[in-house]
Amino acid sequence: MATQTTNRQQASAAERFAGLDPDQLIRAFRIMHTARRLDDREITLKRQNRIYFQISGAGHEAIQVAAGMVLRSGHDWIYPYYRDRALCLTLGVTPYEMLQQAAGAAEDPASGGRQMPSHWGHRRLNIVSSSSPTGTQFAQAAGCAEASRYRDPAGDEITLVASGEGATSEGEFWEALNISCLKRLPLIFLIEDNGYAISVPVEVQTAGGSISKLVSGFPMLDVQEVDGTDFPASYRAMQRAAAYCREGRGPALVHAHCIRPYSHSLSDDESVYKTPAERAAEAGRDPDIVFPKFLIDEGVMDRHMLQNIAHEVDEEVNQATQQAFRDEPPAPGAALRHLYSETIDPASDEFASAPHFHGAPMTMVDLINATLREEMRRNPDILVFGEDVADCTREQNLAEVKGKGGVFKVTHGLQGEFGGRRAFNAPLAEAAIVGRAIGMATRGLKPVAEIQFFDYIWPAMMQIRDELATLRWRSNGNFSCPAILRVPIGGYLNGGAIYHSQCGEVAFTHIPGLRVAMPSNAADACGLLRTALRADDPVLFLEHKRLYRETYNRSPDPGQDYTIPFGRAKVVKPGQGLTVITYGALVQKSLLAATQVERRNPLASIEIIDLRTLAPYDWQAIGTSVEKTGRVMIAHEDCVSWGYGAEIAARIADELFDRLDAPVRRVGALDTWVGYHPRLEAAILPQTEHLAAEMERLLAY
C-alpha cells in the first residue's frame, strides 16, 4: 500500500511539474526572473536617458520559457516578436547581449546598434532578425518551415513564430495559417495574448474575442488554449505542439493567455485605458510572483534559495550593464555596410561575359524560360512559385493537358521537368508569396517568386520594403534573403487598363538594399536574370509584358554562362548631338523616334542609352554621353511627375550642369491611370511621335 501511495504521489508530482525535475524548474524560474530584472533595468536606463527606447516582455515569461525549453536551440528556427525576451534568454541569448542591444553597441549580435531594443536576432541560435511591422514574420516563418521540409523531408526540425494577439488581425497571419495547413508545415504559431494591442482590447481585435476558437476549423492544425502565466501548463502545451510538428502531422497553434503588467512601452501609459481593478487582477497572475511561490509551496526550493537566485540575477544584470556600456557604439562610417552582399557583387566584372550565340532567335519569354531551366539544372536550390506558374497542380493530369506555366507561359514546362517540389502554384496571396520567399532565402534556398501583374504587387509592399530589403542591413550582416521577384509590368497592351498596364518602378528603386532590373530585349533578359540568380542580393526583376513576344527584340541563346553586370548600361545607338536615357519598352520607341528625326534632319545625331538595370544605374555611362552631347532627354513609361527620370535629371543638373547646352527634358506618361480603350491608352502613354517631338525641340534649343 505504501508503495502504491508513493507511486501516486510521484505521478501527481510529475503531472504538477509537467515531467520536469527540480533543477529544470529552478532554471525556468531563474530565466523568468532574469527577464523581469532586465526589463526593470532597461526601464531605469531609459528614464536616465542612457538608452533611447524600451519595450517590456513582463507577464509573458512563463509561456516563453516553456517554449524555449521545448525547442532545440541552434536546430529549430525562431521568428520572435518584440516581447520575447524570456524566450531568447532560454535559447541562449545572454543578459549582456540584450543590454548591448539596449545600449546600441556595435557588437550587439542582434543588429549592431541598428535596431531598437527587443528586436531580437541571433545567427548562431537560429533566431531570425525581427522587425517592427507586426505580423510580417508569419509568412516568413512559413517559408522557413517549407525550407526545412525541402532540405530534409524526413527531418524533425521545426519553426516557431510568435506574436501578440493583435497581430493576428494582419492578413499575413491568415495567409501563413492557410499555407501551413495546406502543406502540413512543421510550424508552431505561438500567440501570446495579453488582451491588448497597445490600448485596443482583444474583443475589438478578434471576432468573438478568442483567436483559438476562430481558427479551430483549420484542418491539420493542432490548437491549444492555455494559461500562459502557468509554467507547468505552458510547458505541457508547448511539448505537445512540438511533438505534433516534429511528427510531421501539421502545424500547431498555442493560444497562451498572458498578462501585461507594464505599459505597452515607455511611450505608453496603460493607466489611462485600464481600470485599477483590471490591473490588480493582472498583478495577481504575475508569473514572476506566482511561479516562485508555487515552487516554494511544492518544496522545490525554499525562501533562502529564492533570495540567493534573486541576488545572483541582480549581480549578473549589474555586471552585464556595466560591460555593455563600456562597448563602442557603431562607427558613423559603417552606415552603408551590409546594405548589399559583400561576397558577390552583381555589378562587378565577374559577371561581364561574352555571349556564345547558338540556335534560332528566341523571344524574351522563351529565353527567360530557357534561363530558368538552365539555372534550375545547375542549382538544385532554385524553386519557382507563384500564382498559376505551375503547369498543372494535379500532377496526375499532366499527361493529359498541355499545362499552363504562368499567364504569359514564362514558366511553362518547369514543373514537367523539375517536379512539383521545385515549380509549384501558390494561393492568391501576394504578401504570403513574398514572405515565403524571404523565409526560404533566409535558409539558403534561391526562391524565384512571381507576382502575376505588377499592378497587384502592393499587398506585398510591406514584405518587400520593410523585410526583404532590410534583413541583411538590420541584422548587421547576420541574415540575408537573396530572393528573386519576377514581375510582369507595363502597358501598350490594348485593353490592359488600370490594373494590368501600370508602371511604378520608381517606388522600388527608392528602396535601399533592393536591386531592380528591367531588360528591353531577350538577350538582356537572359543575361540579367542569370546574374540575379547567381548573385546574393534580393532582386526585383521587371519583365515588360509588351516585350515578351516582340519579333524585333529576339535573340539566339547567348549560352548557359552568359551574364550581364548590374549597373552597366548599353549604348544601343551612338550619336553626337543628343543623349536619350531610357529603358524597357521605350528603348525601341526611342530608336524609332530617332530614326524619324534623323531622316528629317540629316545633321541630327542622337545617342540612345538603355539603362537595363535601374538600381544600380550606370552613372558613368550617362556622364560620358552627356559630356559628349551636351543635351539630354530622359524617357520612361511611368508618370512623368515624381518619376524615375527626375532623379537622373536632378543629378545631371547638379554634377554636369556646366556640360549642358540645353535644359534636361523628360518624357513620360500623363499623370493619370492607364485607360482601357486603345485611343485613351495611346494618349496617356508616351508614343514615338511624343519622343520625336521632344528630341527635335532639344536639338533646336
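Would you take a moment to explain the overall build of the protein for this structure?
Within the protein, the regular secondary structure consists of 25 helices and 21 strands. With the C-alpha coordinates of the protein rotated into their principal frame, the extents come out at 110 × 65 × 45 Å. Put simply, the protein has 701 residues, and 60% of those count as buried. Contacts in the protein between residues at least 24 apart in sequence constitute 80% of all its contacts with a sequence separation of at least 6. Within the structure as shown, the protein displays about 27600 Å² of accessible surface, and the carbon and sulfur contribution to it stands at 52%. Between the centroid of the 71 positive side chains of the protein and the centroid of its 88 negative side chains there is a distance of 3 Å.

Is there a simple way to explain the pairing of strand β21 (residues 665-669) in this structure?
Side chains on a regular strand alternate between the two faces of the sheet. Inspection of the sheet shows strand β20 (residues 632-639) paired to β21 by 4 bridges, in the parallel sense. Bridge pairing in β21 places C639 opposite A669. In this fold, the crossover linking β20 to β21 by way of helix α23 (residues 644-655) has right-handed handedness.

Quick question: what am I supposed to make of a nonpolar patch on the surface here?
Together, Y456, I498, Y499 and W673 give the surface a local cluster of nonpolar side chains, amounting to about 440 Å² of exposed area. Given a relative accessible area of 33%, I498 falls into the partly exposed group.

In this structure, what is going on with the nonpolar core? I would like to understand it.
Side chains that are nonpolar tend, in soluble globular proteins, to be buried together. Judged by nonpolar contacts, the single largest core of 80 residues is most densely connected at I464, F508, L611 and I652. If you tally residues by element for this core, the top one is helix α6 (residues 136-151), at 7 residues. Those residues in contact with L611 that lie beyond four places of it in its chain are R568, A569, I581, T582, Y583, I622, Y644 and I648. With 66 residues, the next largest nonpolar core counts I188, V226, F231 and Y235 among its residues.

Help me understand the layout of surface pockets, please; the structure alone is not making it clear to me.
With a probe scaled to a water molecule rolled over the atoms, the places where space remains empty come into view. Estimates place the volume of the largest pocket at around 540 Å³. Lining the largest pocket we find 38 residues, and of these Y81, Y82, S132, T134 and H264 sit closest to its centre. For the lining of the largest pocket, the secondary-structure elements that each account for two or more residues are α6, β2 (159-164) and β4 (196-197). Counting residues per element, the lining of the largest pocket draws most heavily on α6, which supplies 3 residues.

Any chance you could explain helix α17 (residues 461-468) here in plain terms?
The α-helix winds at 3.6 residues per turn, so residues separated by three or four positions along the chain end up facing the same way. When α17 is considered as a whole, its buried residues turn out to be M461, Q463, I464, E467 and L468. Contact partners of the buried residues in α17: α6, α7 (171-183), α16 (430-442), α18 (471-474), β12 (484-489) and α19 (506-509).

Explain the packing of aromatic side chains to me, please; I cannot follow it from the model alone.
For any two aromatic rings, the description comes down to two numbers: the centre-to-centre distance and the angle of the planes. Taken as a whole and judged by the stated rule, the model has 20 aromatic pairs. With centroids separated by 5.1 Å and ring planes inclined at 65°, the aromatic side chains of F138 and F173 adopt a geometry described as edge-to-face. Remark: F173 occurs in helix α7 and F138 occurs in helix α6; sequence separation between them is 35 residues. A relative accessible area of 0% places F138 in the buried class. Through pairs of rings, three or more aromatic residues link up here, namely F17, F231, Y235, F291 and F294. Directly above the aromatic system of F17 lies the positively charged group of R16, at a separation of 5.6 Å from the ring centroid. A cation over a ring is seen here: K589 above Y492, with NZ or CZ 4.5 Å from the ring centre.

How do you make sense of the sheet that holds β21 when you look at a structure like this?
Whether parallel or antiparallel, the strands of a sheet pair through hydrogen bonds between backbone atoms. Strand order in this open sheet of 5 strands is β16-β18-β17-β20-β21, and the pairing throughout is mixed. Two strands close off the open sheet at either side, each with one partner strand: β16 (570-573) and β21. If you compare each strand with its neighbour and ignore which way they point, the axes differ by 25° on average.

Before we go on, may I ask you to explain the environment of R665 in this structure?
By the element assignment, R665 lies in strand β21. As for R665 and V632, which are separated by 33 residues in sequence, their C-alpha atoms are 6.5 Å apart. With residues up to four places along the chain from it excluded, the contact list for R665 reads V632, M633, I634, E694, R697, L698 and Y701. Side chain to side chain, R665 and E694 meet in a polar contact 2.9 Å long.

Which parts of the structure should I look at to understand the packing of helix α3 (residues 61-70) against helix α10 (residues 231-246)?
Two numbers describe how α3 lies on α10: the axes approach to 8 Å, and their chain directions differ by 40°. Judged by the angle between their axes, α3 and α10 are oblique. Crossing of α3 against α10: the hand is right-handed. In this structure, α3 uses A62, I63, V65, A66, A67, M69 and V70 to contact α10, whose residues at the interface are F231, S234, Y235, M238, Q239, A242 and R246. A class-by-class count of the residues in the contact of α3 with α10 yields 11 nonpolar, 2 polar and 1 charged.

Conventions used here
- Residues numbered from 1 in each chain as written.
- Predicted model: local features only at pLDDT ≥ 70, side-chain atom pairs only at ≥ 80, totals over all residues.
- Heavy atoms only, no water.
- Helix = DSSP H or I, 4+ residues; strand = E, 2+ residues; numbered from the N terminus.
- Buried < 20%, exposed > 50% of the residue type's maximum accessible area, 1.4 Å probe, protein only.
- Contact = heavy atoms within 4.5 Å.
- Areas by Shrake-Rupley, 256 points an atom, 1.4 Å probe, with all protein chains shown as cover.
- Lys, Arg positive; Asp, Glu negative; His and termini not counted.
- Charge placed at Lys NZ, Arg CZ, Asp CG, Glu CD.
- Pairing = 2+ DSSP bridges.
- Right-handed = clockwise from strand over helix to strand, strands pointing away.
- Patch = residues over 30% accessible without salt bridge, like charges linked within 9 Å, V, L, I, M, F, W, Y side chains within 5 Å.
- Salt bridge = Lys/Arg side-chain N within 4 Å of Asp/Glu carboxyl O.
- Core = buried A, V, L, I, M, F, W, Y, C linked by side-chain atoms within 4.5 Å.
- 1 Å grid on protein atoms, 1.4 Å probe; cavity = no way out; pocket = protein on both sides within 12 Å on 5 of 7 lines; lining within 4 Å.
- Points joined across faces, edges and corners; volume = space filled by probe spheres on them.
- Phe/Tyr/Trp six-rings, centres within 6.5 Å; stacked < 30°, edge-to-face > 60°.
- Lys NZ or Arg CZ within 6 Å of the ring centre and 35° of its normal.
- Axes fitted to C-alpha atoms, helices over the stretch in contact; angles between N-to-C directions.
- Polar contact = N/O pair within 3.5 Å; in protein donor to acceptor, adjacent residues only side chain to side chain.
- Parallel < 35°, antiparallel > 145°, perpendicular 65-115°, else oblique.
- Left-handed = near helix turned anticlockwise from the far one by under 90°.
- Nonpolar A, V, L, I, M, F, W, Y, C, P; charged D, E, K, R; others polar.

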